[in-house]
Amino acid sequence: MFLLLKCFLLHDSVNPSSLHPAPVQLIVQFLEQASKPSVNEQNQVQPPPDNKRNRILKLLALKVAAHLKWDLDILEKSLSVPVLNMLLNELLCISKVPPGTKHVDMDLATLPPTTAMAILLYNRWAIRTIVQSSFPVKQAKPGPPQLSVMNQMQQEKELTENILKVLKEQASDSILVLEAALKLDKDLYVHTMRTLDLLAMEPGMVNGETESSTAGLKIRTEEMQCQVCYDLGAAYFQQGSTNAAVYENAREKFFRTKELITEIGSLSLHCTIDEKRLAGYCQACDVLVPSSDSTSQQLTPYSQVHICLRSGNYQDVVKIFIEDNLTFSLPVQFRQSVLRELFQKAQQGNEALDEICFKVCACNTVRDILEGRTISVQFNQLFLRPNKEKIDFLLEVCSRSINLEKASDSLKGNMAAFLKNVCLGLEDLQYVFMISSHELFITLLKDEERKLLVDQMRKRSPRVNLCIKPVTSFYDIPASASVNIGQLEHQLILSVDPWRIRQILIELHGMTSERQFWTVSNKWEVPSVYSGVILGIKDNLTRDLVYILLAKGLHCSTVKDFSHAKQLFAACLELVTEFSPKLRQVMLNEMLLLDIHTHEAGTGQSGERPPSDLISRVRGYLEMRLPDIPLRQVIAEECVAFMLNWRENEYLTLQVPAFLLQSNPYVKLGQLLAATCKELPGPKESRRTAKDLWEVVVQICSVSSQHKRGNDGRVSLIKQRESTLGIMYRYVSISLFSEPLVLTIILSLFVKLHNVREDIVNDITAEHISIWPSSIPNLQSVDFEAVAITVKELVRYALSISPNNHSWLIIQADIYFATNQYSAALHYYLQAGAVCSDFFNKAVPPDVYTDQVIKRMIKCCSLLNCHTQVAILCQFLREIDYKTAFKSLQEQNSHDAMDSYYDYIWDVTILEYLTYLHHKRGETDKRQIAIKAIGQTELNASNPEEVLQLAAQRRKKKFLQAMAKLYF
């Protein structure tokens, strides 16, 4: 042991502060060995004996600490509170501090230097430990649970708490001892390895060299006082949370520490103070207790803000924040905390603070902008209703927050972008003019940027309706030759104002006649069925204008900007009416489609029926027989879907002209769907249309179909012989239907088609599945892979329309079950039950949780190794499946909560089997839980049937809610 100690101490003899972990661990080992209790002959535990061995071990621990020069920073980081407490008590003992004597009653000036230093070390450690215990501690991640380790950790935790309790009771005495130490004017000494050896070898020398003024390691008075002041300051600061007056003492001690550090300089070997932490303490004390003799100019910004908040001088807070926008001295987090405090006071009824909140928020926003951060939500909320005063103040803050002569290009760019965005967000042109005419705005933005901004603002202003203007008036607008072609093309790309687009094109054609300006942007796309007609227009200006108006209108419709799309289409319709009946009909068709989309995205979402005029226009389109009119396939699809979604089944089944059924396959398909919906309430034998629809879909899904990409880029299943039948697959992929009954019919059709496969193992259930034929003559011809994909996509889309439709949720669960995704299947089975039972507070309808659904839930739980859940679910069947329940309970490798689920079992037979099973295995605790569950009075077989059913229903509810929390 001595050799081991010598090796480690020689290893660290050069620089003990760069601590190798081994010496500190030696302290732990030595003290643990020395404090190990003994056992006498009667097997009684005795305190550790005071023999030579234990004394040597304690001395070795003290030597290691002496080698580390009694540095509390190192010792506290590496030793637990109980070990360090034991070590310092041994130091007190060997330094001849009388046991049981209060340190506060001892005169440090008359004690030997090593004794006084030992008392100081102990009391410094005491208050440091109290302060450290008040800080939050991040819990270490627990490893694998080991009983012996957990017991040891619990014992150490209890011992630490007991020691802390004693230290806190003695805290006032420790502070008095340290305050008395500050009055000492002599150097102190602390034990070294040499003095400890002398004490061990020659007890007679205790009153000789070891107690003289030259024995041990010398600690200068300034170094001792510096450490004591810092520790006292931390203690006072910690007490200030309950007694604000104590902050004054903390401030005095911390500033005295700074003075002593300056006096000592870099020559100190034993005084280690965290100067960054000290600076933080000083700054906090400056805010909490500003010096009475300091002027406002000498105070830090923190102190100034704090004083202003306490005195209610909020205007000065705004001034400080504006000045700080130039210096960036206050952290952003501090500024945000001040704003939060003001918001809280304003919400408590102080309406006068609303203006201050805006001003402080504006200052913070400008600071964020200058540092490249985004605009806060609070600023956008406070600036929802701008006025002249807010605009003036914002411009003042911006002007005073940037020094244009010294600011970098990035700062100027950030400020310019901010002012530009503010302009774009304003609706009142008067306020826009206030900003755009300001000196800062003119300085930061170039002429071109200002002109572009004005154009962007002008295009948002109200325009005269194009429909009342004659076509010829468009050509009377003079071109501006001062603007180059590149700028005009850029404006052409950005603009969605028809009048502005026409003006730009006139100016461009006035500059050059060689360009085709409809090719300026590759984002301008017109369907190929239209482009041939448009590009055949001879006049270049008219051709460009028609193409661009139509392309921009289609784009606006795609991004659901319906108001601009309508303006663009109206202008284009007005233009083509003069010279092309064919293009006029094209625009009328596109405006019909736009009106359908507008209704579906607007009032149609709330269930409001479309106006009769729109329905009449849809009928007119379907019955249209104009030759040589370019038609987009998607418009016919949308019209048929529109009629089905708004239940115009009477028209589709009885009023559709015969020629239309022969010429328009979309209408034919719509008629079959509408007729099937109408016949659902009738007897099964009357559903002839269901059989016709089935045959059409089977033909579509036959392997003779080929994949083909349509004009809009979407993939369809199109038959070689009758390509128009491929519309069904496109209906599914582009998700045009929103009427639940239509979706249910289509879903059940494809589910039935999926189930007729010979190799299918698990059928999928669906509503109205019985209306379809149960077999296919030529089974091999069906592309079942495409059918499976269609079913999945249909269910996904249907649930996006109505996520609480229990029938569709069961279908989704069945799909996951069929594809061996058992956890996901359970999620949807439980969700289906939850939505139709108020989260299981009511009984789940038996047509939702059928025996088939319950059996599939049982299989899911079984394959997930949740065997107790299997046994409970077996009770849900109309006839309890005891065989499966008993078999599952025999499984010992269960991944569920096992015995914690016993409260959910209401069948006494299963509970009795559990009791027998646990008794057989010797599992006493689990057997008692099962017996307790059986003993509940509400499960008594003599109870009335109503009581037993109520008990079962309550356990069903709790079990299903627990399962839902587990799988949702």
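That block above? That's the structure.
Residues numbered from 1 in each chain as written. Predicted model: local features only at pLDDT ≥ 70, side-chain atom pairs only at ≥ 80, totals over all residues. Heavy atoms only, no water.

Focus on the overall build of the protein
Inclusion rule: Runs of H or I in DSSP of at least four residues are treated as helices and runs of E of at least two as strands, each being numbered from the N terminus. Throughout, exposure labels follow a simple rule: accessible area from a 1.4 Å probe, protein chains only, divided by the maximum for the residue type, with under 20% read as buried, over 50% as exposed, and the rest as partly exposed. A contact between two residues is defined here by any heavy atoms of the two lying within 4.5 Å. For the area figures, the Shrake-Rupley method with a 1.4 Å probe applies, and any residue is considered shielded solely by the protein chains shown.
A tally of helices and strands in the protein yields 45 helices and six strands. With 968 residues in all, the protein has 46% of them scored as buried. Relative to all contacts within the protein whose residues are 6 or more apart in sequence, the contacts with residues 24 or more apart total 67%. Per element, the accessible surface of the protein, about 50,100 Å² overall, is 52% carbon and sulfur.

Digging into the nonpolar core
Just so we agree on the cut-off: Residues enter a nonpolar core if they are buried and are Ala, Val, Leu, Ile, Met, Phe, Trp, Tyr or Cys, with the set joined through side-chain atoms within 4.5 Å.
By size, the foremost hydrophobic cluster in this structure holds 154 residues, and its most contacted members are L753 and Y849. Here the element with the most residues in this core is helix α26 (residues 540-558); it accounts for 10 residues. In this structure Y849 touches Y829, L830, G833, F840, V844, I854, M857 and L960, once residues within four positions along its chain are discounted. Counting residues in hydrophobic clusters, the runner-up holds 66 residues, among them L92, L178, V228 and Y281.

Brief notes about the environment of D814
Short version of the rule: We call two N or O atoms a polar contact when they sit within 3.5 Å, provided that within protein one can donate a hydrogen and the other can accept it, with sequence-adjacent residues counted only if both atoms are side-chain atoms.
Mapped onto the fold, D814 is located in helix α38 (residues 806-818). Taking the C-alpha atoms as reference, D814 lies 7.7 Å from D763; in sequence the two are 51 residues apart. A distance of 2.7 Å separates a polar atom in the side chain of D814 from a polar atom in the side chain of T765.

What to know about helix α29 (residues 612-622)
Stated formally: The arc in question is traced by the directions running from the helix axis to the C-beta atoms.
Listed as buried for α29 are L614, I615, V618, Y621 and L622. Viewed along the axis of α29, the buried residues span an arc of 120°, placing them on a single side of the element. Turned more than 90 degrees off the buried face of α29, the exposed positions are S612 and D613.

Considering unusual backbone geometry
Positive phi, close to 65°, is recorded for K560, a residue that is not glycine. Among the structural elements, K560 can be located in the loop between α26 and α27 (562-577). By relative accessible area, K560 is classed as exposed at 59%. We note that N865 has phi near 65°; this positive angle belongs to a residue other than glycine.

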